[in-house]
Amino acid sequence: MYAAQLAATAAAPATAGPGFLSPTGVEIAFVLVGLATFGAALVTVTTKQLVHAALWLVVALGGIAVEYLLLTAEFIAWVQVLIYLGSVVVLLLFGLMLTKAPIGRSPDADSGNRWVALGVAVVAGAALVWVVVDAFRTTWIDLEGPAQGSTQIAGEILFQHWVLPFEALSVLLLAALIGAIVLSRRNTPAEEAADAAARDAAGRTGKGQH
């Protein structure tokens, strides 16, 4: 009987595991959303219109939240929306509005360190891809199954292994709040007079050097 079972097991076809040659609809959507997110991030750092850069940043961060949803990590997706779209991007938009940034093309938005920044970005991206691939080389997520990024699981991992980054994130939110308060604060007449005097002194100094 045992020999017969072994023969039947050997004769049965092997179950095909997950592979890159047979992607599911969710995996195709993940790749398409990733390409759209990458395009939005590229436009964010290349456009010379500050308002457009902030709006494209919204698209890029929103695309990352969609990627989390496709990975069945709903809690992380909503944290992405609340923290980045709800605080950091809003702070940038408030800063652009309150400082009366130019709406059109701004020549000051370019820098001579473009190639250095590009090299740093390429190296950082390659290191990040290598770390992720090395850490999850043989790990497959069942996208068709139940959600794996529930609040309970994320909370247990967050407060057991990632307490320090979580506290650092709270400092980021506090900095965003303080920045919004500083940008929205109106100067007193004495402060405005002091700023005007400082600008006049800087202008006279510049003319004297020429």
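Residues numbered from 1 in each chain as written. Predicted model: local features only at pLDDT ≥ 70, side-chain atom pairs only at ≥ 80, totals over all residues. Heavy atoms only, no water.

A few points about the overall build of the chain
In terms of regular secondary structure, the chain is built from 8 helices and 0 strands. Written out in order from the N terminus, the α and β elements of the chain read α-α-α-α-α-α-α-α. Buried residues in the chain amount to 13% of all 210 residues. (Helix = DSSP H or I, 4+ residues; strand = E, 2+ residues; numbered from the N terminus. Buried < 20%, exposed > 50% of the residue type's maximum accessible area, 1.4 Å probe, protein only.)

Looking at helix H3 (residues 50-70)
Between its terminal C-alpha atoms H3 stretches 30 Å, which fits the 30 Å expected from 21 residues at 1.5 Å a residue. Where H3 is concerned, the buried positions are Ala53, Ala54, Ala60, Leu61, Gly62, Gly63, Ala65 and Glu67. In the core, the buried residues of H3 are packed alongside helix H2 (25-46) and helix H4 (74-98). Downstream of H3 by one or two residues, Thr72 has phi in the positive range, about 60°. (Expected span 1.5 Å × (residues − 1). Contact = heavy atoms within 4.5 Å.)

Overview of a nonpolar patch on the surface
Taken together, Ile28, Phe30, Val31, Leu32, Leu35 and Leu71 make up a surface patch of nonpolar side chains, about 530 Å² in accessible area. Take Leu71: it is sitting in the loop between H3 and H4. (Patch = residues over 30% accessible without salt bridge, like charges linked within 9 Å, V, L, I, M, F, W, Y side chains within 5 Å. Areas by Shrake-Rupley, 256 points an atom, 1.4 Å probe, with all protein chains shown as cover. Salt bridge = Lys/Arg side-chain N within 4 Å of Asp/Glu carboxyl O.)

Things to note about the packing of H3 against H4
Packing of H3 against H4 leaves a shortest axis separation of 8 Å and a crossing angle of 175°. Regarding the angle of H3 to H4, the classification is roughly antiparallel. Contacts from Leu50, Val51, Ala54, Leu57, Val58, Leu61, Gly62, Ile64, Ala65, Tyr68 and Leu69 of H3 reach H4 at Glu74, Ile76, Ala77, Gln80, Val81, Tyr84, Leu85, Val89, Leu92, Leu93 and Leu96. Looking at the contact of H3 with H4 residue by residue, the class counts come to 19 nonpolar, 2 polar and 1 charged. (Axes fitted to C-alpha atoms, helices over the stretch in contact; angles between N-to-C directions. Parallel < 35°, antiparallel > 145°, perpendicular 65-115°, else oblique. Nonpolar A, V, L, I, M, F, W, Y, C, P; charged D, E, K, R; others polar.)

Considering the packing of H2 against H3
Remark: H2 packs on H3, axes separated minimally by 8 Å, with the N-to-C direction vectors making an angle of 160°. When the axis of H2 is compared with that of H3, the two are roughly antiparallel. For the pair H2 and H3, the crossing hand works out as left-handed. Across the interface between the two elements, Val26, Ala29, Phe30, Val33, Gly34, Thr37, Ala40, Ala41, Val43 and Thr44 from H2 touch Ala53, Trp56, Leu57, Val59, Ala60, Gly63, Ile64, Val66, Glu67 and Leu70 from H3. Looking at the contact of H2 with H3 residue by residue, the class counts come to 15 nonpolar, 4 polar and 1 charged. (Left-handed = near helix turned anticlockwise from the far one by under 90°.)

What about the side chain of Thr44?
By the secondary structure assignment, Thr44 is in helix H2. Judged by its relative accessible area of 17%, Thr44 is buried. Within the local environment of Thr44, its side chain forms a polar contact with the backbone oxygen of Ala40, the two atoms lying 2.7 Å apart. Setting aside residues up to four positions removed in sequence, Thr44 forms contacts with Ala53, Trp56 and Leu57. (Polar contact = N/O pair within 3.5 Å; in protein donor to acceptor, adjacent residues only side chain to side chain.)

A closer look at the confidence of the model for the chain
Summarising the model, the chain shows a mean pLDDT of 74, and 69% of its residues fall at 70 or more. Mean pLDDT values over the elements of the chain span from 46, in helix H1 (residues 2-11), up to 89, in H2. Note on residues 1-15: pLDDT is under 50 here. Beyond four places in sequence and across chains, it has 0 contacts. (pLDDT = per-residue confidence, 0-100.)

Describing the environment of Val81
Relative to the helices and strands, Val81 resides in helix H4. When sequence neighbours within four positions are dropped, the list of residues in contact with Val81 reads Ala65 and Gly86.

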